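The primary structure of each chain is shown beneath.
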Amino acid sequence: MIKKFIRKILGVKSARPSNEPVVLGAKDHGIDPRMVSNNAIRVTSTLQEAGFEAFVVGGAVRDLLLGVKPKDFDVATNATPEQVKRLFRRAFIIGRRFQIVHVMFGQDLLEVTTFRGTATDNAPKDEHGRVLRDNTFGSQAEDAERRDFTINAMYYNPATQEVLDYHGGIEDIRAKTLRIIGQPEARYREDPVRMLRVVRFAAKLKFSIERSTAEPIGVMAPLIDNVPAARVFDEMLKLLTSGQALACLQQLRKEGLHHGLLPMLDVVLEQPMGTKFVTLALDSTDKRVMAGKTVSPGFLFASLLWHQVLEKWQAYQAAGELPIPALHLAADEVLDSQTEKLAIQRKIGSDMRDIWAMQPRFERRNGKNPYKLLEHLRFRAGYDFLLLRCASGEIDRELGDWWTAFYEADETVRAELVSVASSGGKKKKAAPRRGSRAAAQDDVPADAPTDADEGDESDDDEFLNPPAEGEAPARKRRRRPRRGRRSGGGNAPAGDA
Ligand code: ATP
Ligand code: MG
């Protein structure tokens with residue numbers, strides 16, 4: 001009855017059987033066709049000309065309806081992956097959990113998915129009911145039923161400009177509501193990642209979560225533990241780079257999804273010392289995303305975990321370790337503890353180490369040290385990180401200001417800056433603020449030889465450039481650094497890094 005009424009208001013012609021979509025024409029949905037990417041139109045029209053059905057689907061339709069330019073376009077079709085591949089010059093079948101086709105036009109990548117069936121009853125599952133493999137093809141109605149939220153289950157045909165809506169997505173878009181399709185508990189059990197997704201969409205779109213969609217989350221949250229770490233990582237990365245990272249994390253907390261679930265979230269949301277630092281880091285990330293700039297995942301995760309690293313760095317030094325090896329050990333430990341749940345990709349992990357490892361080097365402003373650091377491949381990331389540390393009050397602003405001046409100066413001014421710093425005319429080292437954990441370095445003068453100075457400089461480089469895949473990872477070799485000399489033995493077994 002209510003549905004019929006709403007359909008009438010929306011100008012939809014008549015009520016339809018439940019497996020038939022509501023069809024909205026251009027004037028009913030108001031999508032601006034100029035917002036649809038040319039490549040998406042190329043893909044749908046090529047498929048349609050070959051006799052297949054093809055639609056823009058999912059997040060892109062949702063965003064178009066909200067008047068937001070979609071960041072990427074997914075296409076759904078009744079063509080099989082093989083049939084899709086044959087129609088495009090640069091198309092690749094990607095198959096893990098589901099088989100999809102990546103169609104490339106220059107740098108632009110479109111994901112083309114064959115309509116999926118709903119036969120999850122017979123699909124293999126783990127002992128908690130999570131669907132492990134599920135690659136049956138189906139009708140468009142079935143495909144819609146397997147999607148996560150009503151607002152993500154609409155299909156847009158650029159040729160006719162019609163939107164097909166199977167689950168009342170358009171009503172939910174207008175009411176700014178997130179509603180899971182089907183029975184919430186069953187859907188979360190099939191794929192617990194949907195709990196993280198609903199939180200991300202709620203925060204990003206500023207939608208509310210419908211009651212029965214939100215209710216089971218608190219109780220079912222521990223099921224996320226059984227999801228492969230790589231998938232959790234992908235979803236967390238989407239969350240943190242959504243442009244609403246802070247809001248997302250607050251929403252996670254509100255839904256009871258943070259505690260004991262992901263070590264990273266516990267760290268981020270519960271560290272007393274680092275709140276300001278993390279808030280600043282996320283805020284600047286959000287601003288970059290909003291301004292259409294790229295975000296480095298390594299920088300982001302390095303920021304989120306920095307205060308945990310600081311704490312351990314201090315503890316290792318208190319136990320008698322020299323600052324540089326202590327920092328390496330702290331980095332290893334933090335990365336190891338996160339990797340269990342979040343498969344931090346190798347490249348991202350190595351970026352994080354680089355950023356952390358550069359930090360004590362910023363304090364060495366004498367001789368050639370600052371020039372060498374300036375040449376570091378990731379200097380800019382390390383320097384931005386240093387500025388965050390200053391802004392959060394962890395270390396004295398003077399150090400950040402000195403580096404800004406040095407970074408921006410010409411050769412003559414640089415030489416003067418170094419000479420002032422070297423002659424002791426200025427404070428050479430960041431004076432840690434009262435109560436700051438950086439106080440741990442108090443007993444090390446900026447230009448006192450560290451273990452890295454005593455050995456050759458390449459020691460640092462070993463840390464900064466982890467070994468290639470298959471080699472024994474540097475961290476294993478660094479497990480037990482000796483005083484005054486970094487251990488360089490390479491006989492540790494190869495492991496994951
Ligand atoms: P974003 O704007 O963040 O990319 P999105 O909705 O496009 O949002 P994707 O992860 O790109 O999110 O997924 C594309 C579509 O695939 C979704 O809109 C949804 O229809 C479907 N989908 C993705 N993940 C799931 C899932 N875990 N369960 C069911 N459907 C899903
Ligand atoms: Mg998407």
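Since the model is a prediction, treat every value here as computed from it, not as a measurement.

Enquirer: Can you walk me through the overall build of the chain in this structure?
Expert: Along its length, the chain carries 25 helices and 10 strands. Across the chain, contacts joining residues at least 24 apart in sequence account for 65% of those joining residues at least 6 apart. When the accessible area of the chain is evaluated, it comes to approximately 22,500 Å², of which 51% is carbon and sulfur surface.

Enquirer: Would you mind going over the confidence of the model for the chain with me for this structure?
Expert: Interpretation of the predicted coordinates at a detailed level should be avoided for regions scoring low in pLDDT. Put simply, the chain has an average pLDDT of 80, and 76% of its residues get 70 or more. Of the regions scoring below 50 in pLDDT, residues 6–17 engages in 18 contacts with residues more than four places distant in sequence or in other chains. The low-confidence segment residues 426–497, where pLDDT is below 50, has 141 contacts with residues more than four positions distant or belonging to other chains.

Enquirer: What exactly am I supposed to notice about helix α15 (residues 275–290) here?
Expert: It helps to recall that an α-helix has 3.6 residues per turn; residues three or four apart then point in one direction. Taking 1.5 Å of rise per residue, 16 residues should cover 22 Å, and α15 covers 22 Å from first to last C-alpha, within 8% of that figure. Taken from the residues just after α15, G292 is the one with a positive phi, measuring 75 degrees.

Enquirer: Mind showing me how you'd approach the site of ligand 1 here?
Expert: Around ligand 1, 17 residues are found, and the nearest of them are K71, D191, R194, R200 and K238. One nitrogen or oxygen atom from the main chain of D148 is found 3.2 Å from a nitrogen atom belonging to ligand 1. For ligand 1, whose accessible area on its own is 590 Å², the fraction buried by protein is 84%. Elements with a minimum of two residues in the shell around ligand 1: α4 (59–65), α9 (193–205) and α12 (229–240). Take the shell around ligand 1: its biggest share by element is 5 residues, from α9. Its residues assigned to classes, the shell around ligand 1 comprises 1 nonpolar, 3 polar and 13 charged. Taken domain by domain, the makeup of the shell around ligand 1 includes at least three residues from each of domain 1 (16–175) and domain 2 (187–261).

Enquirer: Help me understand the layout of surface pockets in this model?
Expert: Put simply, the second largest pocket is a space of about 400 Å³. Along its surface, the second largest pocket is lined by 16 residues, and S284, R288, T294, F299 and D384 are the ones closest to its centre. Sorting the residues of the lining of the second largest pocket by element identifies α15, α16 (297–318) and α20 (379–391) as the ones contributing at least two each. In terms of residues, the lining of the second largest pocket owes the most to one element, α15, which gives 6 residues. A per-class count over the lining of the second largest pocket returns 7 nonpolar, 4 polar and 5 charged.

Enquirer: In this structure, what is going on with the side chain of H29? I would like to understand it.
Expert: Mapped onto the secondary structure, H29 falls in helix α2 (residues 26–29). Residue H29 is classed as buried on the basis of its relative accessible area, which comes to 7%. A polar contact is formed between the side chain of H29 and the backbone oxygen of Q161, at a distance of 2.6 Å. The residues touching H29, leaving out its near neighbours within four places in the chain, are L24, L65, Y156, Q161, E162, V163, I170 and R174.

Enquirer: Sorry, what's going on with the sheet that holds strand β7 (residues 154–157) here?
Expert: Across a sheet, strands are paired by hydrogen bonds formed along the backbone, either parallel or antiparallel in direction. Strands sit in the order β1-β8-β7-β2-β3-β6-β5-β4 across an open sheet of 8 strands; the sheet is mixed. Sheet topology places β1 (22–24) and β4 (91–95) at the edges, where each strand pairs with a single neighbour. Mean inter-strand twist for the sheet, computed between neighbouring axes without regard to direction, equals 30 degrees. In this structure, β4 lies alongside strand β5 (residues 99–105), joined through 5 bridges in antiparallel fashion. The residue of β5 that forms the bridge with G95 is Q99.

Enquirer: Is there a simple way to explain the environment of L246 in this structure?
Expert: When you line up the elements, L246 lands in helix α13 (residues 245–254). Between the C-alpha atom of L246 and that of L280, which follows or precedes it by 34 residues, the distance is 9.7 Å.

Enquirer: Could you clarify how one ought to interpret the pairing of strand β8 (residues 162–165) in this entry?
Expert: Two faces make up the sheet, and in a regular strand the side chains alternate between them. Of the strand pairs in this sheet, β1 and β8 are connected by 3 bridges, and their pairing is antiparallel. Bridge pairing in β8 links L24 to V163. Bridge count between β7 and β8: 4 bridges; the pairing is antiparallel. Across the sheet, the residue bridging to Y156 is V163, located in β8. Between β7 and β8, which pair antiparallel in sequence order, lie 4 residues; one of them, Q161, sits at a positive phi of approximately 60 degrees.

Enquirer: Whenever I open this one, the nonpolar core confuses me. Can you help?
Expert: General note: in soluble globular proteins, nonpolar side chains tend to be found buried as a group. Ranked by internal contacts, the top residues of the largest apolar core, which has 91 residues, are L47, L240 and W356. Considering each element in turn, this core owes the most residues, 10 residues, to α16. Those residues in contact with W356 that lie beyond four places of it in its chain are F301, A302, L305, W306, V309, L327, A331, V334, L335 and F385. The next biggest cluster of nonpolar side chains, apart from the first, holds 17 residues, and it includes L374, Y383, I395 and A409.

Enquirer: How should I be thinking about the packing of aromatic side chains in this particular structure?
Expert: Centre distance and the angle of the planes are the two values used to describe a pair of aromatic rings. Enumeration according to the criterion identifies 19 aromatic pairs in this entry. With a centroid separation of 6.2 Å and 80 degrees between ring planes, the pair formed by F115 and Y155 is classed as edge-to-face. Note that F115 is positioned in the loop between β6 (108–114) and α6 (140–146) and Y155 in strand β7, a separation of 40 residues in sequence. Here F115 falls in the buried class, since its relative accessible area comes to 1%. Plain terms: the ring middles of F149 and F201 are 6.1 Å apart, the flat faces sit at 80 degrees to each other, and that makes the pair edge-to-face.

Basis of the calculations
Residues numbered from 1 in each chain as written. Chains lettered and ligands numbered in written order. Predicted model: local features only at pLDDT ≥ 70, side-chain atom pairs only at ≥ 80, totals over all residues. Heavy atoms only, no water. Helix = DSSP H or I, 4+ residues; strand = E, 2+ residues; numbered from the N terminus. Contact = heavy atoms within 4.5 Å. Areas by Shrake-Rupley, 256 points an atom, 1.4 Å probe, with all protein chains shown as cover. pLDDT = per-residue confidence, 0-100. Expected span 1.5 Å × (residues − 1). Near = heavy atom within 4 Å. Polar contact = N/O pair within 3.5 Å; in protein donor to acceptor, adjacent residues only side chain to side chain. Nonpolar A, V, L, I, M, F, W, Y, C, P; charged D, E, K, R; others polar. Domains from an automatic or database assignment. 1 Å grid on protein atoms, 1.4 Å probe; cavity = no way out; pocket = protein on both sides within 12 Å on 5 of 7 lines; lining within 4 Å. Points joined across faces, edges and corners; volume = space filled by probe spheres on them. Buried < 20%, exposed > 50% of the residue type's maximum accessible area, 1.4 Å probe, protein only. Pairing = 2+ DSSP bridges. Axes fitted to C-alpha atoms, helices over the stretch in contact; angles between N-to-C directions. Core = buried A, V, L, I, M, F, W, Y, C linked by side-chain atoms within 4.5 Å. Phe/Tyr/Trp six-rings, centres within 6.5 Å; stacked < 30°, edge-to-face > 60°.

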